[in-house]
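The chain contents come next:
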Amino acid sequence: MSEITRLDAVEILDSRARPTIAVECVTESGARGRAAGPSGASTGEHEAHELRDGDPDRYRGQGVRGAVANVHQRIAPAVRGMEVGDQEAIDRRLVELDGTEHKSNLGANAILAVSMAAAAAAAAEADRPLYRELGGPDATLLPVPQLNILNGGVHADNNVDVQEFMVVPVGVGSFADAVRAGAEVYGALEDALSERGLSTAVGDEGGFAPDLDSDEAALELLVEAIGAAGYHPGEEVAIALDVAASELYDGDVYRSLERGAGSVGSVGLIGVYERWCDAYPIVSIEDGLAEDDWEGWRALTGRLGERIRLVGDDLFVTSAERLKRGIERGAANAILVKPNQIGTVTETLRAIATAREAGYGQVISHRSGETEDTFIADLAVATDAGRIKTGAPARGERTAKYNRLLWIERELGEGARYAGSPAVERGGETR
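Residue indices follow the written sequence of each chain, beginning from 1 at its first position. Selection of residues for local features in this predicted model requires a pLDDT of at least 70, selection of side-chain atom pairs for listing and counting requires 80 or more, and totals for whole chains, interfaces and linings are taken over all residues. Excluded from the side-chain calculation are hydrogens and water; included are all heavy atoms of the structure.

## Things to note about the overall build of the protein
Tallying secondary structure elements over the protein gives 13 helices and 17 strands in all. Rg of the C-alpha trace for the protein: 21 Å, near the compact-globule value of 22 Å for 431 residues, within the 12% margin. By principal-axis analysis of the C-alpha atoms, the protein measures approximately 60 × 50 × 45 Å. The buried share of the protein, reckoned over its 431 residues, is 60%. Secondary structure elements follow DSSP: runs of H or I no shorter than four residues count as helices, runs of E no shorter than two count as strands, and numbering proceeds from the N terminus. It is over C-alpha atoms that the radius of gyration is taken, and the globule rule equals 2.2 Å times the number of residues to the power 0.38. Throughout this description, buried means an accessible area under 20% of the type-specific maximum (1.4 Å probe, protein chains only), exposed means over 50%, and partly exposed covers the range between.

Quick look at the structure:
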């Protein structure tokens, strides 16, 4: 592997018309790797810090020229001359250079873009795909997609509290079949909404965002759409939720997901989930409780952990250390993996490894503010994660990830395995 000779950075736009940072890493051999950092709307309190300029006269205070300057003036001199293939050493240098717990000095957005660009440059240098560079020759597993087809919460301007209603093609034969199933259910849902005179405008992640009588009405619509598309609910296509419960939490109580019920404690909210799981083909609930409600999470896991995946997003923020706390306390049984929550590729891989060692599932994830960058698609295959969520089968920044995975499946040919196929046996995948 040759040395890094240059880093370049530019302020670009994400899918919500806000700036983000893109970085190009160049090696002495001329190999180049590019990466762009995403940005979240529903962000955990414990996430790595995203550096914004705060200038109200420019991009409503959301500019990232300071992060760009940090790449050019501070990070580039520190990594220039480092071997591009030594990802751990590069990331360690970035973390040390920043020197803060949450990367608030240089900005996690600047650090992550450099880290991912270095990985991409290393793959280009070795003339192999990124999933091979990160995962080696045994990286052949295509993840089950969790397609967000109905949006609520902070992802949409509607009256639905649950942030994401996703369809999960758990019982089809290939990733291509899964994408087709997701797109067909998405189309069937659009038809169902139109027939009822409901809005088919979409939210941040491409899912439809209608006003509904209740959150449970969204579950009924998804079951209807799955059947209308020709699939058996719960067998070929199931349902996953991202509640983003930290957004519903105020003090010691939650806003109930049942209209007119007022506020409830964690036990009351767990009761709602249990009733929904009895009535609908739900296989996964993400962020069912707030990010620091550890006792509630323990109770939730005791009640539903044997039946479904309970995914910690705000709870774990892709941190191996917070994940270890959850493992010790019996909280959740899976982790959502968002590289920009932690800030480097190495720390992301460490969180995945910690989850795997403990028997926790892993779901590789996008953010609500995305670009056409497809790093997480390769990451999902490289790490054998088995699940990915990257939005609806619509909008270019979402379909870019799905399309990249379709190409990877094509490249792998007969060696490709799909994590949802009955032919692939994976511990915990029934969750």
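Let's pick the thread back up.
## Side note on the nonpolar core
For the purposes of this section, nonpolar cores are sets of buried Ala, Val, Leu, Ile, Met, Phe, Trp, Tyr and Cys residues that join through side-chain atoms within 4.5 Å. Ranked by size, the top nonpolar core spans 128 residues in total, and within it Leu 7, Ile 21 and Trp 276 carry the most contacts. At 12 residues, helix α3 (residues 108-126) tops the list of elements feeding residues into this core. The contact rule is simple, with two residues in contact once any of their heavy atoms fall within 4.5 Å. Ile 21 has contacts with Ala 9, Val 10, Ala 35, Ala 36, Gly 37, Val 64, Ala 67, Val 68, Val 71, Asn 109, Ala 110 and Ala 113, leaving out every residue within four places of it along the chain.

## As for the pattern of salt bridges
Should the charged atoms of two oppositely charged side chains come close, the side chains can pair. Whenever a carboxyl oxygen of Asp or Glu lies within 4 Å of a side-chain nitrogen of Lys or Arg, that contact is scored as a salt bridge. Evaluated as defined, the whole model comprises 27 salt bridges. Glu 50 serves as the salt-bridge partner of Arg 52, at 3.1 Å between the closest nitrogen and oxygen. It is possible to trace a salt-bridge network through shared partners that takes in Arg 6, Asp 8, Glu 24, Arg 32 and Arg 34.

## Quick look at the sheet that holds strand β11 (residues 263-264)
One key point about sheets: their strands pair by backbone hydrogen bonds, in either a parallel or an antiparallel sense. Note: two strands are recorded as paired if DSSP finds a minimum of 2 bridges between them. Taken together, the three strands give an open sheet; going across it, the order is β9-β10-β11, and neighbouring strands pair in antiparallel fashion. The sheet is open, and its two edges are formed by β9 (249-250) and β11, each paired on a single side. Bridging between β9 and strand β10 (residues 253-255) involves two bridges; their strand directions are antiparallel. Note on β10: the bridge partner recorded for Asp 250 is Val 253.

## Considerations on the pairing of strand β1 (residues 4-13)
With nine bridges joining them, β1 and strand β2 (residues 19-27) adopt antiparallel strand pairing. Directly across from Ile 12, in β2, lies its bridge partner Thr 20.

## A closer look at the packing of aromatic side chains
A pair of Phe, Tyr and Trp rings is counted when the ring centres sit within 6.5 Å of each other, with Trp represented by its six-membered ring. The angle between the planes then sorts it: under 30 degrees is stacked, over 60 is edge-to-face, the rest tilted. Counted according to the given criterion, the structure contains four aromatic pairs. When the ring of Tyr 186 is compared with that of Phe 208, the centres are 4.5 Å apart and the planes differ by 20 degrees; the resulting orientation is stacked. You can see Tyr 186 sitting in helix α5 (residues 175-195) and its partner Phe 208 sitting in the loop between α5 and α6 (215-228), a full 22 residues away along the chain. With respect to class, Tyr 186 is no different from Phe 208; both count as buried. Arg 329 extends its terminal NZ or CZ atom over the ring of Trp 294, reaching a point 4.9 Å from the ring centre. Whether a charge sits over a ring depends on NZ of Lys or CZ of Arg being within 6 Å of the ring centre and within 35 degrees of the ring normal.

## Some points on the confidence of the model for the protein
Across the chain, each position has a pLDDT score giving the predictor's confidence in that residue, from 0 to 100. Taken residue by residue, the protein gives an average pLDDT of 94. The fraction at 70 or more is 97%. Under a pLDDT of 50 for its full length, residues 425-431 has, in the predicted model, 20 contacts with residues more than four places off or in other chains.

## Observations concerning empty space enclosed by the protein
A cavity, in this analysis, means grid points on a 1 Å lattice covering only the protein atoms where a 1.4 Å probe fits yet has no way out; a pocket is instead an open set bounded by protein on both sides within 12 Å along at least five of seven lines, and a residue lines either one if it has an atom within 4 Å of a point. Grid points are joined across faces, edges and corners, and a volume is the space filled by probe spheres set on the points. This structure, assessed with the given rule, holds three cavities of 30 Å³ or more. By volume, the second largest cavity is sized at about 70 Å³. Along the walls of the second largest cavity sit Ala 36, Pro 38, Leu 112, Met 116, Pro 339, Asn 340, Glu 370, Asp 373, Phe 375, Ile 376 and Lys 401, which together make up its complete lining. Every element with two or more residues in the lining of the second largest cavity is listed here: α3, α10 (339-342) and α12 (375-382). Residue classes in the lining of the second largest cavity are distributed as seven nonpolar, one polar and three charged. The classification used treats Ala, Val, Leu, Ile, Met, Phe, Trp, Tyr, Cys and Pro as nonpolar, Asp, Glu, Lys and Arg as charged, and all other residues, Gly among them, as polar.

## Points about the environment of Arg 410
By the secondary structure assignment, Arg 410 is in helix α13 (residues 396-412). Judged by relative accessible area, which is 66%, Arg 410 ranks as exposed. Sequence separation of Arg 410 and Ala 176 is 234 residues, and the distance between their C-alpha atoms is 9.3 Å.

## Comments concerning the sheet that holds strand β3 (residues 32-36)
Across the sheet, which stays open at both edges, the three strands sit in the order β1-β2-β3 with antiparallel pairing between neighbours. Pairing within the sheet leaves two strands with one partner each, and these edge strands are β1 and β3. With direction set aside, neighbouring strand axes in the sheet form an average angle of 15 degrees. Here five bridges tie β2 to β3, and the two strands are oriented antiparallel to one another. Residue pairing across strands places Ala 22 opposite Ala 36, the latter belonging to β3. A fitted line through C-alpha atoms serves as each axis, taken over the contacting stretch for helices, and the angle formed by two N-to-C directions is quoted from 0 to 180°. Against the sheet, helix α1 (residues 65-79) touches β1 and β2, its axis set at about 170 degrees to β1.

## Here we look at α6
Under the 1.5 Å per step criterion, the end-to-end length of α6 is 20 Å for 14 residues, consistent within 8% with the ideal 20 Å. Of all the positions in α6, only Asp 215, Ala 217, Ala 218, Leu 219, Leu 221, Leu 222, Ala 225 and Ile 226 are classed as buried. Taken together, the buried residues of α6 touch β6 (147-151), β7 (164-168), α5, β8 (238-242), α7 (266-279) and β12 (282-286). Directly beyond the C-terminal end of α6, a positive phi value near 95 degrees is found at Gly 230. For a helix, the expected span equals 1.5 Å multiplied by the residue count minus one.

## Let's talk about the side chain of Asp 378
Its location among the elements puts Asp 378 in helix α12. A distance of 2.8 Å separates polar atoms of two side chains, one belonging to Asp 378 and the other to Arg 404. Residue contacts for Asp 378: discarding those within four places in its chain leaves Leu 130, Tyr 131, Arg 404 and Ile 408. We call two N or O atoms a polar contact when they sit within 3.5 Å, provided that within protein one can donate a hydrogen and the other can accept it, with sequence-adjacent residues counted only if both atoms are side-chain atoms.

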